[in-house]
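Next come the chains, spelled out residue by residue.
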Amino acid sequence: QVQLVESGGGSVQTGDSLQLSCAASDDTFSRYVMGWFRQTPGKQREFISAVGWDGRRVYYVDSVKGRFTIDRDNAKNTLYLQMNDLKPTDTAVYYCAGSRTWSFDKEYEYEIWGQGTQVTVSS
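Quantities reported herein were computed from a predicted structural model and do not represent experimental measurements. (Residues numbered from 1 in each chain as written. Predicted model: local features only at pLDDT ≥ 70, side-chain atom pairs only at ≥ 80, totals over all residues. Heavy atoms only, no water.)

1. With respect to unusual backbone geometry
Unusually for a residue other than glycine, Asn77 sits at a positive phi of about 55°. Looking at the secondary structure, you find Asn77 in the loop between strand 7 (68-73) and strand 8 (78-83). Even without being glycine, Asp85 reaches a positive phi, approximately 50°. One can find Asp85 in the loop between strand 8 and strand 9 (92-99). (Helix = DSSP H or I, 4+ residues; strand = E, 2+ residues; numbered from the N terminus.)

Next comes the structure, spelled out in C-alpha cells:
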C-alpha cells in the first residue's frame, strides 16, 4: 500500500516558522483523509490536525488553531503542515497518517503512518 515520508523538521527558536511535508508513494493518496500527530518522550501521541479527501474540510485542535495550517496537493501526492509562531511546547516528533474515513481525531482509524520528523523549538 501507499507509503508516507515526512520531511521539513529542524531546530528553530520561539516565534519562527517551519513547513512540514508528507510525500506519498503513489496516487492512492487521494483516497485517504490525512492527519498530523505529534509525540514527545514519555507522552502519548497527540492528534493535532486533519484534512479531508479534497482539501476543503479541515480541523485543528485548540493548541495549534490560528498558528498551523494543513493543506494537501493531490496532484503532487503531498500533504503539508505550515507551522507559524512556534513555541517550545510544539517540540515533538511529527507524524503524518492516513485514514479511509472522516474519524479525523481517532488515532486507531489511521492505518498508514510515516516515520516522523523532529521539530525542536528553543526559547
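2. Some remarks on the pattern of salt bridges
Tallied over the entire structure, the rule returns eight salt bridges. A salt bridge links Arg45 to Glu107, with the shortest nitrogen-to-oxygen separation between them at 3.1 Å. One end of the pair, Arg45, is in the loop between strand 4 (33-39) and strand 5 (46-51); the other, Glu107, is in the loop between strand 9 and strand 10 (110-113), with 62 residues separating them in the sequence. Exposure remark for Arg45: the relative accessible area of 27% places this residue in the partly exposed category. By relative accessible area, which is 30% here, Glu107 ends up partly exposed. Salt-bridge contacts for Asp105 lead to Lys106; the nearest nitrogen and oxygen are separated by 3.0 Å. Owing to a relative accessible area of 35%, Asp105 belongs among the partly exposed residues under this scheme. Here the salt bridges share partners, and the residues they tie into one network are Arg38, Glu46, Arg67 and Asp90. (Salt bridge = Lys/Arg side-chain N within 4 Å of Asp/Glu carboxyl O. Buried < 20%, exposed > 50% of the residue type's maximum accessible area, 1.4 Å probe, protein only.)

3. Things to note about the pairing of strand 3 (residues 18-24)
Across the seven residues that make up strand 3, a large majority, five, are buried. Relative to strand 3, strand 1 (residues 4-7) is paired through four bridges, and the arrangement is antiparallel. Bridging from a neighbouring strand, Val5 pairs with Ala23 of strand 3. Bridging between strand 3 and strand 8 involves six bridges; their strand directions are antiparallel. (Pairing = 2+ DSSP bridges.)

4. Some points on the state of the cysteines
Using the criterion set out here, one finds one disulfide in the structure. Disulfide pairing is shown between Cys22 and Cys96; the S-S distance is 2.0 Å. Looking down the S-S bond of the Cys22 and Cys96 bridge, the torsion is 65°, so its handedness is right-handed. Here Cys22 is found in strand 3, whereas its partner Cys96 is found in strand 9, with 74 residues between them in sequence. Owing to a relative accessible area of 0%, Cys96 belongs among the buried residues under this scheme. (Disulfide = S-S within 2.5 Å.)

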